[in-house]
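# A closer look at the structure
Listed below are the residues making up each chain.
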Amino acid sequence: MDAIVQPTRQLVRMRGRSYVAFVFCPVVPIAGWLEEIDATLARSPGFFVGKPVVLDLSAVDLSQTAIAHLVTSLEQRNIRVLGIEGVDAVHLTTSMPPLLTGGRNCMLVQNEPKKPEAKPKPMSLLIESPVRSGQSVVFAEGDVTVLGSVGSGAEIVAGGSIHIYGTLRGRAMAGVNGNSAARIYCQKIEAELLAIDGYYQTAEEIDATLRNRPAQAWLDGDTMKITPLN
Amino acid sequence: MAKVLVVTSGKGGVGKTTSTAALGAALAQMGEKVVVVDFDVGLRNLDLVLGAERRVVFDLINVVQGVAKLSQALIRDKRLDNLWLLPASQTRDKDALTDEGVSSVIADLRTKFDWILCDSPAGIERGATLAMRYADEAVIVTNPEVSSVRDSDRIIGMLDSKTVKAEQGERVEKHVLITRYDSARAARGEMLSIEDILEILATPLLGIIPESQDVLLASNVGSPVTLNNTTSAPARAYTDAARRLMGETVTMMVPVQRKGLMNRLLGRRAA
């Protein structure tokens, strides 16, 4: 005995959804307008690919054959017209895209890849080797960090602070662009000269008890203070 | 593969020429084919230290300028078959050296020798920069005193920036050779200690040559100290340094003052 299979009834569900479409507004002469489209395509060939396009014919008065010709011309350029608006329904045949009404203007979101932003300039300079006698490191943009030592007769010039993880035997000039908050830090101070924002002390003026110890220098008003670190 | 080694220092009178001759002779004694090149144009000395001053016909400048062939200018040592000298000109100055000329002479020497030792003039001018320009390795001769150490530091900076190797992003292998080390004065704290020197220069140590009369004596008789008296303290120190250049591991001997009887009796008090 065969069971009669009843086809289950599917409910047709309707949902509303809106999409953003490019709206083309052709103007006469149509041939000239098509040239403009060609020019756009020449600049960026993929510009209209995969984007819905609607023709707004309200600015022109075209016959049925002219509309058909325009649609095929666009199709030849790989532009598929999704619908037409601004035209009397009698001018459209069933083979043409359907008539659309009720479109609203909106902002187009450009999905072009963003230009890589120019890298922000580094605010600090790291030197991993010792700075030798006679070498001069100038970095007006920010801090300078030296992992090695700064030799006697070498100099470090920084717009910001100076950090030296070895022995400072040369000159260190911090805050050269008028940054009085800049400081100089070093693991061992045997400096020939320290300067912050134009205020300086020579080796002779640096307290002998500080020598060979970790120290920092900073500006207190217009006097330079040098104190041991930790 | 030929190695170009520059013996340099920045400061004058620290023992570059003595060291070039001593290291060259030591390497030659070990069977290497060595040429020592005097770059001190106008103030040449290497020919005297090697005792070849009476056999100089053509010199480095003649070769650089194409007046003579390299083979005409090379002088073979009378004691060691595989030690050669390319002398400097005494009548010219350093401006006679050209970058292209030095480059072609060095390239030529590379095909003929195992070691090319360039004796740099003092200073940081043309002669010194051209002497180091094509070096693969550098020996920085330093005396245990602040002025010499600071000048050496300057030279190390130049070796890291002005040589062909540095410009190609490679490194010139650098060694510090401490000369004229006087253990008695070091013990009294009158000289920089080895540790201080190495801390300031942050460069590996090749050897410590003790201050010795033997060095002066050898120079005066026109013989490298490593040939003149092979058992003397400086000769042994130079030979050890040469072995380290060859890649051998040799224990570093810090020269110590031999204590007299009185010192031994009284001397427990380390400085």
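What counts, and at which threshold
- Positions within a chain are numbered from 1, following the residues in the order the chain's sequence is written.
- Here chains are named by letter from A upward and ligands by number from 1 upward, in the order in which they appear as written.
- In view of the model being predicted, local features appear only for residues whose pLDDT reaches at least 70, and side-chain atom pairs are presented and counted only at 80 or more, with totals across whole chains, interfaces and linings using the full set of residues.
- Derived side-chain values reflect all non-hydrogen atoms in the structure, with water molecules and hydrogen atoms excluded from consideration.
- Secondary structure elements are taken from DSSP: a helix is a run of H or I of four residues or more, a strand is a run of E of two residues or more, and numbering for both begins at the N terminus.
- Only protein chains enter the accessibility calculation, which uses a 1.4 Å probe; a residue is then buried when its area is under 20% of its type maximum, exposed when over 50%, and partly exposed in between.
- Every residue pair with non-hydrogen atoms within 4.5 Å of one another is taken to be in contact.
- Buried residues of nine kinds, namely Ala, Val, Leu, Ile, Met, Phe, Trp, Tyr and Cys, make up a nonpolar core once their side-chain atoms join them within 4.5 Å.
- Note on terms: buried area is the combined drop in 1.4 Å-probe accessible area of two parts once they are placed together, counting the loss on both.
- The term salt bridge refers to a pairing of a side-chain nitrogen on Lys or Arg with a carboxyl oxygen on Asp or Glu at a separation within 4 Å.
- To estimate how far a helix should extend, the number of its residues minus one is multiplied by 1.5 Å.
- Should DSSP find at least two bridges between two strands, the strands are taken to pair.
- Under this scheme, a helix contributes an axis fitted over its contacting stretch, all axes are lines through C-alpha atoms, and angles between N-to-C directions fall in the 0 to 180 degree range.
- When describing relative orientation, an angle under 35 degrees is termed roughly parallel and one over 145 degrees roughly antiparallel, while 65 to 115 degrees is termed roughly perpendicular and anything else oblique.
- What makes a crossing left-handed is the near helix being turned counterclockwise from the far one by less than a right angle; a clockwise turn instead makes it right-handed.
- In the scheme used here, Gly and all other residues not listed as nonpolar or charged are polar, with Ala, Val, Leu, Ile, Met, Phe, Trp, Tyr, Cys and Pro taken as nonpolar and Asp, Glu, Lys and Arg as charged.
- Patches here are clusters of residues that have more than 30% relative accessible area and form no salt bridge, with a 9 Å joining cutoff for like charges and a 5 Å cutoff for nonpolar side chains (Val, Leu, Ile, Met, Phe, Trp, Tyr).
- Here the open area of atoms and residues is found with the Shrake-Rupley method and a 1.4 Å probe, where only the protein chains shown may cover a residue.

### Quick look at the overall build of chain A
Helix and strand counts for chain A stand at two helices and 14 strands. Put simply, chain A has 230 residues, and 36% of those count as buried. Residue pairs in contact within chain A that sit at least 24 positions apart in sequence constitute 31% of those at least 6 positions apart.

### Quick notes on unusual backbone geometry
At Asp 197 of chain A, a position not held by glycine, the phi torsion is positive, near 50 degrees. When you line up the elements, Asp 197 of chain A lands in the loop between strand E11 (193–196) and strand E12 (199–202). A positive phi angle, near 45 degrees, is found at Ala 202 of chain B, a position not held by glycine. Along the chain, the position of Ala 202 of chain B falls in the loop between helix H10 (194–201) and strand E8 (205–210).

### Overview of the nonpolar core
All names here are of chain B. Val 35, Phe 39, Leu 86, Leu 97, Leu 109 and Ile 116 are the most contacted members of the largest nonpolar core, which has 50 residues in total. If one sorts the elements of this core by residue count, helix H7 (residues 146–159) sits on top with five residues. Residue contacts for Val 35: discarding those within four places in its chain leaves Leu 74, Trp 84, Leu 85, Leu 86, Leu 109, Phe 113, Trp 115, Ile 116 and Leu 117. Listed in part, the 35 residues of the second largest apolar core include Ala 28, Val 49, Leu 80 and Leu 206.

### Describing the interface of chain A and chain B
Accessible area lost when the parts come together is the quantity often used to give the size of an interface. If you look at the interface, chain A gives 13 residues, while chain B gives 10 residues. Taking both sides of the interface into account, the surface hidden between chain A and chain B amounts to around 870 Å²; carbon and sulfur atoms contribute 38%. By the criterion of area lost to chain B, the three top residues of chain A are Arg 132, Ser 133 and Arg 169 of chain A, representing 61% of everything that side buries. Across the contact surface, chain A and chain B share three salt bridges. Salt-bridge contacts for Glu 199 of chain B lead to Arg 169 of chain A; the nearest nitrogen and oxygen are separated by 2.8 Å.

### What to know about helix H1 (residues 16–29) of chain B
Because an α-helix completes one turn every 3.6 residues, residues spaced three or four positions apart along the sequence face the same direction. All names here are of chain B. Helix length check: H1 (14 residues) gives 20 Å between terminal C-alpha atoms against 20 Å at 1.5 Å per residue, within 8%. Of all 14 residues in H1, 13 are buried; the element is thus mostly enclosed. Following H1 by one or two positions, Gly 31 adopts a phi angle in the positive range, close to 95 degrees.

### A look at the pairing of strand E10 (residues 184–189) of chain A
Residue and element names in this part refer to chain A. Across five bridges, the pairing between strand E8 (residues 162–168) and E10 is parallel. Directly across from Thr 167, in E10, lies its bridge partner Lys 188. Note that E10 and strand E13 (residues 215–220) share three bridges and pair antiparallel. Its bridge partner being in E13, Ile 184 is matched across the sheet by Ala 217.

### Overview of the packing of H7 of chain B against H10 of chain B
All names here are of chain B. For the pair H7 and H10, interaxial distance at closest approach is 10 Å and the crossing angle is 30 degrees. Classified by the angle between their axes, H7 and H10 sit roughly parallel to one another. In the crossing of H7 with H10, the sense of the turn from one axis to the other is right-handed. On H10, the residues touching Val 149, Ser 152, Asp 153 and Ile 156 of H7 are Ile 197, Ile 200 and Leu 201. Here the residues of the contact of H7 with H10 are counted per class, giving five nonpolar, one polar and one charged.

### So, a nonpolar patch on the surface
A grouping of Leu 126, Leu 147 and Tyr 165 of chain A is seen on the molecular surface, where their side chains present a nonpolar patch of about 310 Å² in accessible area. Here Leu 147 of chain A shows up in the loop between strand E6 (143–146) and strand E7 (155–158).

### Regarding the sheet that holds strand E14 (residues 223–228) of chain A
Adjacent strands of a sheet form backbone hydrogen bonds with each other and so pair up, either parallel or antiparallel. Residue and element names in this part refer to chain A. A sheet is described by the order of its strands in space; here six strands give the open sequence E4-E6-E8-E10-E13-E14, paired in mixed fashion. For this open sheet the edge positions go to strand E4 (124–127) and E14, each flanked by a neighbour on one side alone. When the angles between neighbouring strand axes are averaged without regard to direction, this sheet yields 20 degrees.

### Describing the sheet that holds strand E3 (residues 81–85) of chain A
Residues and elements named next belong to chain A. Judged by pairing direction, the sheet is parallel, and its three strands sit side by side in the order E1-E2-E3 without closing on themselves. Here the strands that pair on one side only, and so sit at the sheet edges, are strand E1 (22–24) and E3. Direction aside, neighbouring strands of the sheet carry axes that sit 30 degrees apart on average. Two strands pair when backbone bridges link them, and strand E2 (residues 53–56) and E3 are joined in this way by four bridges, in the parallel orientation. Each bridged residue has a counterpart across the sheet, and for Val 54 the counterpart in E3 is Gly 83.

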